[in-house]
Amino acid sequence: MPDDASAWAASPLLPWPREVEHLEVKLDVARRIAQRAAGGQVIGIGSGSAAFLALAAIGRRVTDEQLDLRVIPTSYETEVAASRLQLPLARLGQVNPDWAVDGADEIDPGGRLLKGRGGALFREKLLWNTSAKMVLAIDPSKHVQRLGSRFPIPIEVHPNAVELVAARLTELGARMALVRTGTGKDGPVFTESAFVLLDAHFDEIAPGLHAVIKAMPGVLETGLFVGYEYEIFE
């Protein structure tokens, strides 16, 4: 895959939906992460631009060095990209990765992560809980003093439970909770699990909030990644 952001796409029919921010930093991170790849490994690939670039860098090593490895994608676009790179696929949840790479939207001083702009919450949580090691690919802009200061908490919700969950989020102190809509269609964005995304804006993300939201009927996952161990590349 090319390093030129304007030409970057999972396939000619699936272009990246927005300009890649901090592209040069992310390309350098991707190259360094790709050096971890070795023959015989199973590597998990998260969603978002950082993981996508790491996948492309791994694909170049596989082509140049004839490495025999498999990858586990967490989203439709990364699966398409892996297939285009002719990388053998392993099934998420059926094979435990030797290591996996993923990005983040925010990281606070305590190491808590906010993720989910790509919408693959459940599949990414499955990856994080089955991988032997996690590599976090970020750029310096992802560091925040207060989690949720730039982005809302994405919540993957069954369509029938949207009103109930939104009401309970308001009771918990959410200023606003809106269904995420698409840019290429009218109506909501649907995840790979056929759920919708509620973006909940909180002035403060208190400890234990993920567990409280996760317990609501109809909630599949949240974008709060708390209590995980990972190695940072930035």
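So, here is what we can say about the structure in this document.

## Here's the deal with the sheet that holds strand β11 (residues 196-201)
Strand order in the open sheet formed by 4 strands is β10-β11-β9-β12, and the pairing between neighbours is antiparallel. Two strands in the sheet have a free side with no partner beyond their single neighbour: β10 (176-179) and β12 (219-222). Strand-to-strand, the axes of this sheet are offset by a mean angle of 25°, without reference to chain direction. Bridging between strand β9 (residues 153-157) and β12 involves 3 bridges; their strand directions are antiparallel. Across the sheet, the residue bridging to E156 is E221, located in β12. Its contacts with the sheet put helix α4 (residues 121-130) on β9, β11 and β12, and the angle it makes with β12 is roughly 65°.

## A look at helix α5 (residues 162-171)
Among the residues of α5, those classed as buried are V162, V165, A166 and L169. Along the axis of α5, the buried residues cluster in a sector spanning 100°; they form a single face. Pointing more than 90 degrees away from the buried face of α5 are the exposed residues E163 and E171. Immediately beyond the C-terminal end of α5, within one or two residues, lies G173, with a positive phi of roughly 110°.

## What to know about the pattern of salt bridges
Per the counting criterion, the structure on display carries 10 salt bridges. The residue R32 makes a salt bridge to D28 at a minimum N-O spacing of 3.1 Å. You can see R32 and its partner D28 sitting in helix α1 (residues 23-34), 4 residues apart, about one turn around the helix. For R32, a relative accessible area of 33% translates into the label partly exposed. What makes D28 partly exposed here is its relative accessible area of 38%. The salt bridge partner of E124 is K115, with a shortest N-O separation of 3.1 Å. Through salt bridges that share partners, D102, K115 and E124 make up one connected network.

## Structural notes on the sheet that holds strand β6 (residues 106-107)
What the 3 strands build is an open sheet, ordered β6-β7-β13; its pairing is antiparallel. With partners counted over all chains shown, the strands left at the sheet margins are β6 and β13 (224-225), one partner each.

## A closer look at unusual backbone geometry
The backbone of Q66 shows a phi angle near 55°, a positive value even though the residue is not glycine. As for its position among the elements, Q66 is in the loop between α2 (49-65) and β4 (70-73).

## Let's talk about the pairing of strand β8 (residues 134-137)
Side chains M134 and L136 project from β8 onto one buried face, and the interleaved V135 and A137 project onto a second face that is buried too. As paired elements, strand β5 (residues 99-102) and β8 share 3 bridges and run parallel to each other. Along β8, the bridge assignment pairs V101 with V135. In this sheet, strand β14 (residues 231-233) lies alongside β8 in parallel orientation, the contact comprising 3 bridges. In the strand pairing of β14, V135 is matched with E231.

## A look at the packing of α1 against α2
At their nearest, the axes of α1 and α2 sit 8 Å apart, and the two run at 50° to each other. As judged from the angle between their axes, α1 and α2 are oblique. The crossing of α1 and α2 is right-handed. Every residue of α2 that contacts α1 at L23, K26, L27, A30, R31, I33 and A34 is listed here: S49, L53, A54, A57, I58 and R61. Looking at the contact of α1 with α2 residue by residue, the classes come out as 9 nonpolar, 1 polar and 3 charged.

## Topic: the side chain of D102
Along the chain, the position of D102 falls in strand β5. The class for D102 is buried, based on a relative accessible area of 0%. Of the polar contacts made by the side chain of D102, one reaches the side chain of K115; its length is 2.9 Å. With residues near it in sequence (within four places) discarded, D102 still touches G46, S47, A51, K115, E124, W128, M134, V135, L136 and A137.

## As for the nonpolar core
Soluble globular proteins tend to pack their nonpolar side chains together in the buried interior. Core analysis: the biggest nonpolar cluster contains 33 residues, and I33 and I58 have the highest contact counts within it. Broken down by secondary-structure element, the contributors of at least two residues to this core are α1, β3 (42-45), α2, α3 (76-84), β5 and β8. With sequence-adjacent residues up to four places away left out, I33 is seen in contact with A54, W99, V101, V135, A137 and F233. Counting residues in each nonpolar core, the second largest holds 22 residues, with L147, V157, A177 and V196 among its members.

What counts as what
- Residues numbered from 1 in each chain as written.
- Predicted model: local features only at pLDDT ≥ 70, side-chain atom pairs only at ≥ 80, totals over all residues.
- Heavy atoms only, no water.
- Pairing = 2+ DSSP bridges.
- Helix = DSSP H or I, 4+ residues; strand = E, 2+ residues; numbered from the N terminus.
- Axes fitted to C-alpha atoms, helices over the stretch in contact; angles between N-to-C directions.
- Contact = heavy atoms within 4.5 Å.
- Buried < 20%, exposed > 50% of the residue type's maximum accessible area, 1.4 Å probe, protein only.
- Arc of directions from axis to C-beta.
- Salt bridge = Lys/Arg side-chain N within 4 Å of Asp/Glu carboxyl O.
- Parallel < 35°, antiparallel > 145°, perpendicular 65-115°, else oblique.
- Left-handed = near helix turned anticlockwise from the far one by under 90°.
- Nonpolar A, V, L, I, M, F, W, Y, C, P; charged D, E, K, R; others polar.
- Polar contact = N/O pair within 3.5 Å; in protein donor to acceptor, adjacent residues only side chain to side chain.
- Core = buried A, V, L, I, M, F, W, Y, C linked by side-chain atoms within 4.5 Å.

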